[in-house]
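# Tertiary structure, described
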Amino acid sequence: MIHRDVEFWATMEATSGDVKPEDIQVAKTATGLQYIRFTTCLQAFVEEYNRNKRKWKSGFIKTMIQAEIVQELLRAGGVPGEAGHPVPDGSQPTLERICTIDPLKVSHYVKSFEWRNGDKYLYGVVETAAAIGDAPGTRLMAQVLQGITVAFSARTIVPQKKMPDGTTV
């Protein structure tokens with residue numbers, strides 16, 4: 001879909017900065033499965049371009065978070081997130097794949113969202129998927145507990161405007 005000065009395409013990129021998770025808690029389910037819960041910055045909306053030469057606007061994410069499907073996922077236990085990007089080896093991702101979470105790659109669930117510093121930073125409470133073998137949730141839990149900074153990415157379909165200097169808004 002193309003408008004006069006706006007192109008639409010899928011965006012997948014790291015949107016959180018190098019922020020260490022806060023308030024890390026080790027927990028277990030009623031059946032003994034281990035996971036961790038922490039708070040972290042999911043995305044920054046500052047008046048700067050990121051390393052992909054894009055400037056994110058918070059309005060799109062605010063609208064997305066309020067969407068009924070996202071609210072339904074939050075009520076049902078959390079918005080699932082994948083480890084890695086949905087780009088097949090040697091080819092371009094499809095819109096269908098971008099819009100579909102692979103249950104075998106779920107590493108975490110965003111349990112809630114919180115805006116900080118007005119609408120400049122979107123934080124979330126995140127729980128890793130239960131630690132089972134070498135699953136993505138196990139690896140994410142180990143990295144956070146080891147003190148490694150983890151980043152989160154947006155998987156979105158948003159309008160983007162290419163600027164004359166090559167940057168994107």
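Residues numbered from 1 in each chain as written. Predicted model: local features only at pLDDT ≥ 70, side-chain atom pairs only at ≥ 80, totals over all residues. Heavy atoms only, no water.

Helix and strand counts for the protein chain come out as 4 helices and 7 strands. Helices and strands appear in the protein chain in the N-to-C order β-β-β-α-α-β-α-β-β-α-β. Each of the 169 residues in the protein chain was classed as buried or not, and the buried ones make up 32%. Excluding contacts between residues fewer than 6 apart, the proportion of contacts in the protein chain whose partners are at least 24 apart in sequence is 66%. Only carbon and sulfur atoms are counted for the fraction: they give 54% of the accessible area of the protein chain, which is about 10200 Å². (Helix = DSSP H or I, 4+ residues; strand = E, 2+ residues; numbered from the N terminus. Buried < 20%, exposed > 50% of the residue type's maximum accessible area, 1.4 Å probe, protein only. Contact = heavy atoms within 4.5 Å. Areas by Shrake-Rupley, 256 points an atom, 1.4 Å probe, with all protein chains shown as cover.)

It is worth spelling out the side chain of Ser107 at this point. As for its placement among the helices and strands, Ser107 is situated in strand 5 (residues 106-116). Residues within four places of Ser107 in sequence aside, it is in contact with Gly81, Glu82, Ala83, Thr128, Ala129, Pro136, Gly137 and Leu140.

Our focus in this paragraph is the packing of aromatic side chains. Summed over the entire model, instances satisfying the criterion amount to 1 aromatic pair. Taking 5.4 Å as the distance between ring centres and 40° as the angle between the ring planes, the aromatic pair formed by Phe45 and Trp115 counts as tilted. Separated by 70 residues along the polypeptide, Phe45 in the loop between strand 3 (34-44) and helix 1 (58-66) and Trp115 in strand 5 bring together distant segments of the chain. The class for Phe45 is buried, based on a relative accessible area of 6%. Looking at Trp115, the relative accessible area reads 26%, which means it is partly exposed. The ring of Trp115 has Lys62 lying over it, and the distance from NZ or CZ to the ring centre is 5.2 Å. Its guanidinium or amino end placed over the ring of Tyr123, Arg116 lies 3.8 Å from that ring's centre, counting from NZ or CZ. (Phe/Tyr/Trp six-rings, centres within 6.5 Å; stacked < 30°, edge-to-face > 60°. Lys NZ or Arg CZ within 6 Å of the ring centre and 35° of its normal.)

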